[in-house]
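# Residue-level structure breakdown
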2 protein chains.
Amino acid sequence: MDIEQFVARSEGKWRSMRSGHSLAFQQFEEVLSEIEIKKVSPDDQEVINLVQSTPEAKGEQGISPFRMEWNAESDWEPEDPSEVSAGSCILVPVPTSSSQGLLLRSLGYAEAEQALSQYSFLSDGTFILRTQYEQSIAEERIWFVSDHVRCRSSVLRTSAGSGVLQTSFASEVRRIEA
Amino acid sequence: MDIEQFVARSEGKWRSMRSGHSLAFQQFEEVLSEIEIKKVSPDDQEVINLVQSTPEAKGEQGISPFRMEWNAESDWEPEDPSEVSAGSCILVPVPTSSSQGLLLRSLGYAEAEQALSQYSFLSDGTFILRTQYEQSIAEERIWFVSDHVRCRSSVLRTSAGSGVLQTSFASEVRRIEA
């Protein structure tokens, strides 16, 4: 699996069931949402701006940039940008080898700021994303269980120590348009 | 990571937050439970019986056999044996190489019968378990995010087709005894 294949498999509309676990308080959270992933042109001005404004990627060529839009139906929590009721961001992969690279996001997962992630693939094609935010470190994993079902987990920890703050898991089923 | 290291890291008492996703009905389920994992002797009569009653493992030597006990605090569903309010089973790994092998269970995860699984490790040490039941196929993944936090996901599909029935995700935090 390389990043182009991964983005190609991810394109489309997905219905997501997402559970959040707050470990310290043993609290559960449930969110139903719609996610749409669509490719954008490498020449898109937003893509170019994102690459140019990221020192680690400046001058590099983004591959398979895409836009992600989400629309939560329930339980949104304003403090977590991934769960704001609706939003969208641009993501730009910048490979450093066939199995790893950088992922630039116009909006982060754990904190609402531009974010720079490192991605890599495990031996079975599982996509791993590590992001250092100001206050926290996020590790996400995405793996396909079939062409139309993918799973996504995240672990959020404090950047100071090794404390794990919360985890989440989403089951995403492709919406087939009639 | 090999199976002996994996079992050694897993030993102990864990508090588990588990979310189940029923994909067809978009239903969530939440379960809090206590799990205890402890090694048992390879000479234990239950271990010997389990190996001897499994044609694929007969005559082989089990390594790091262990007992798993669970105790759910909420939301148990009698139709899913993994969520019966309390229970225990014996598990016996039978390696075929340093990174894969068979796992014998006195009680299955998806169906309440003796079960035979194939296990393997991904490049980052993630433990993968595949089990063919009479009515279904389960894939579980377990990975450590720290010495005291592990994540466990499962995907259950019909054995006839490729339909994904349900997924689950558990966040497990080690209980440190004072």
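Residues numbered from 1 in each chain as written. Chains lettered and ligands numbered in written order. Predicted model: local features only at pLDDT ≥ 70, side-chain atom pairs only at ≥ 80, totals over all residues. Heavy atoms only, no water.

### Concerning the relation of the copies chain B and chain A
Selection criterion: Least squares is the method for superposing the copies, and the C-alpha atoms it fits come from residues with pLDDT of at least 70 in both.
Superposing chain B onto chain A takes a rotation of 180 degrees plus a shift of 0.0 Å along the axis, which leaves an RMSD of 0.0 Å. In symmetry terms, the pair is related by a two-fold rotation axis. The position closest to the rotation axis in chain B is occupied by the C-alpha of Ser123 of chain B, lying 2.7 Å away.

### Looking at helix H1 (residues 3-10) of chain B
Since there are 3.6 residues in each turn of an α-helix, residues three or four apart along the chain are aligned in direction. All names here are of chain B. Inclusion rule: When a residue's accessible area, from a 1.4 Å probe over protein chains only, is under 20% of the maximum for its type it is buried; when over 50% it is exposed; and in between it is partly exposed. Labels follow the DSSP assignment, with helices taken as runs of H or I lasting at least four residues and strands as runs of E lasting at least two, numbered in each case from the N terminus. Taken from the helix axis, the directions to the C-beta atoms give the arc we talk about. The definition of a polar contact used here is a pair of N or O atoms within 3.5 Å, where within protein one atom must be able to donate a hydrogen and the other to accept one, and adjacent residues in sequence count solely through side-chain atom pairs.
Every buried residue of H1 is accounted for by Ile3, Phe6, Val7 and Ser10. Across the axial projection of H1, the buried residues extend over an arc of 95 degrees, all falling on one side. The backbone nitrogen of Glu4 has a side-chain oxygen 3.1 Å away, supplied by the residue at the start of H1, namely Asp2. The positive-phi residue at the C-terminal boundary of H1 is Gly12, with phi of around 130 degrees.

### What to know about the environment of Asn49 of chain A
As for its position among the elements, Asn49 of chain A is in helix H2 (residues 45-52). Between the C-alpha atoms of Asn49 of chain A and Ser106 of chain A, which are 57 residues apart in sequence, the distance is 9.6 Å.

### Side note on the sheet that holds strand S7 (residues 127-132) of chain B
All names here are of chain B. Quick note on the threshold: Two strands pair if DSSP finds at least two bridges between them. Here an axis means a line fitted to C-alpha atoms, over the contact stretch when the element is a helix, while the angle between two N-to-C directions is reported on a 0 to 180 degree scale. Throughout, a residue-residue contact means that at least one pair of heavy atoms, one from each residue, lies within 4.5 Å.
Reading around the barrel, the ten strands line up as S1-S2-S3-S4-S5-S6-S7-S8-S9-S10 and close back on themselves, with antiparallel pairing between neighbours. Strand after strand, the sheet turns through a mean of 25 degrees between neighbouring axes, direction not considered. Bridging between S7 and strand S8 (residues 136-146) involves six bridges; their strand directions are antiparallel. Bridge pairing in S8 links Phe127 to Ile142. Here H1 sits on the sheet and contacts strand S1 (12-22), strand S2 (27-39), strand S3 (66-72), strand S4 (86-95), strand S6 (115-121), S7, S8, strand S9 (149-158) and strand S10 (164-174); the angle it forms with S8, its principal contact strand, is near 70 degrees. Each of S3, S4 and strand S5 (100-105) is contacted by helix H2 (residues 45-52), which is oriented at about 60 degrees to S4, the strand it contacts most.

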